[in-house]
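Overview (structure and organization)
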Amino acid sequence: MLRLVKLAGAVVVVMTASAFGFKEWKSGIEWPEPKVVDPGDAETPPSDAIVLFDGEDLSQWHNGTRWEIRDGYAISKMASITTKEKFGDCQLHLEFATPAEVKSQGQGRGNSGVYLMNRYEVQILDSYENATYHDGQCASIYKQYPPLVNACRKPGEWQTYDILFEAPRFDEHGSLTRPGYMTVLQNGVVVQNRTELLGGTSYIAPPKYTKHSDKEPISLQFHGNPVRFRNIWLRPLEARQPEYPTEG
Ligand code: MG
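Summary of the structure given here. (Residues numbered from 1 in each chain as written. Predicted model: local features only at pLDDT ≥ 70, side-chain atom pairs only at ≥ 80, totals over all residues. Heavy atoms only, no water.)

1. Focus on the state of the cysteines
In total, this model carries zero disulfides according to the counting rule given. No disulfide involves Cys 90; its sulfur sits 18 Å from the nearest other cysteine sulfur, which is in Cys 138. This cysteine, Cys 138, is not joined by any disulfide, and Cys 152 carries the nearest cysteine sulfur, 3.9 Å off. (Disulfide = S-S within 2.5 Å.)

Pasting the structure below:
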């Protein structure tokens, strides 16, 4: 079919699919309308996010009072902090900066970490011109996988992590039925691409899965270095409903 469309004062001939002998295909699935979310901007979270730290206080974290808060950011001190709320599959955003003053080297330089479910660590480290074992450098899944690339900014500069986390699934007997997965963007660069987790990350033992709840807290590591954090928010991710119908 040919259609005449008036566009900016000019009449344009638009050829629809049927003019080429095509018939449009549609899935026919009655999808629910996606919820409207205000995406915010670089400094503000999406409208449906759970804000875990907005620069004011760490009241949503156990041990939060042990960290110093100054000028809209928190400085890691004395102990790791752990969310009071528990989460499963999620999108997590946070910003961090390793110390501007470079001290020490390897794992002793700007070390912290983001633990999903309190046991799966995305390493935070000053890996700007700082050699260490690759599955322990910044943006590694600690002692499991190095990052795909080293996208670190210089010491003292703010960096972003955007983490998509899929929690592992266990049956009632404690057996793993589906591993966990992690996608990580560091400063907008993909550094983990749906990486399959091999189990909990540990300093002293190989990775191993141990059954845990569907939802567990998130923690930020204190590893002796004053790493700064700001703008921490999370969006729980529910499974799509209904799921895409499969034949048979
Ligand atoms: Mg660490």
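2. As for unusual backbone geometry
Keep in mind that most residues, glycine aside, have a negative phi and that most peptide bonds are trans. Note that the residue after Gln 241, namely Pro 242, is joined by a cis bond; omega there is -10 degrees. For Lys 143, which is not glycine, the phi dihedral falls at a positive 60 degrees. When you line up the elements, Lys 143 lands in the loop between β10 (120-124) and β11 (159-166). A positive phi angle, near 45 degrees, is found at Arg 194, a position not held by glycine. Within the secondary structure layout, Arg 194 lies in strand β15 (residues 189-196). You can call Arg 194 partly exposed: its relative accessible area is 43%. (Helix = DSSP H or I, 4+ residues; strand = E, 2+ residues; numbered from the N terminus. Buried < 20%, exposed > 50% of the residue type's maximum accessible area, 1.4 Å probe, protein only.)

3. Considerations on the packing of aromatic side chains
Two descriptors summarise a pair of aromatic rings, namely the distance from one centre to the other and the angle between the planes of the rings. Across all of its chains, the model carries eight aromatic pairs by this definition. Both rings, one in Tyr 133 and one in Tyr 142, keep their centres 6.2 Å apart while their planes meet at 55 degrees; by these two values the pair is tilted. Classification of Tyr 133 by relative accessible area gives partly exposed; the value is 31%. Residue class for Tyr 142 comes out buried when judged on its relative accessible area of 6%. Ring centres 6.1 Å apart and planes at 75 degrees place the aromatic pair Phe 170 and Tyr 209 in the edge-to-face group. Residue Phe 170 is found in strand β12 (residues 169-170), and its partner Tyr 209 is found in the loop between β15 and β16 (219-220); the two are separated by 39 residues along the sequence. A residue is classified by how much of its surface remains accessible, and Phe 170, at 15% relative accessible area, is buried. Tyr 209 sits in the buried class, given a relative accessible area of 18%. Clustering of aromatic rings is evident, with ring pairs tying together Tyr 120, Phe 165, Phe 170 and Tyr 209. Positioned above the aromatic ring of Trp 158, the side-chain terminus of Arg 230 is 4.1 Å from the ring centre. Sitting above the plane of the Trp 31 ring, Arg 240 keeps its charged end 5.8 Å from the centroid. (Phe/Tyr/Trp six-rings, centres within 6.5 Å; stacked < 30°, edge-to-face > 60°. Lys NZ or Arg CZ within 6 Å of the ring centre and 35° of its normal.)

4. Observations regarding the pattern of salt bridges
One pass over the full model with this rule turns up nine salt bridges. Where Asp 126 meets Arg 109, a salt bridge forms, and the shortest distance between an N and an O atom there is 2.8 Å. In this pair, Asp 126 is assigned in the loop between β10 and β11 and Arg 109 in the loop between β8 (90-97) and β9 (112-116), connecting sequence segments 17 residues apart. An identical accessibility class is assigned to Asp 126 and Arg 109; each is buried. (Salt bridge = Lys/Arg side-chain N within 4 Å of Asp/Glu carboxyl O.)

5. Some remarks on the pairing of β8
The buried fraction of β8 is high, at eight of eight residues. Residues of β8 alternate between two faces, with Cys 90, Leu 92, Leu 94 and Phe 96 on one and Gln 91, His 93, Glu 95 and Ala 97 on the opposite face, all of them buried. Across seven bridges, β8 lies against β11 in antiparallel orientation. Opposite Glu 95, over in β11, you have Thr 160 as the bridge partner. Here β8 runs beside strand β17 (residues 228-236); their pairing, made up of seven bridges, is antiparallel. Considered in β17, the bridge of Cys 90 is made with Pro 236. (Pairing = 2+ DSSP bridges.)

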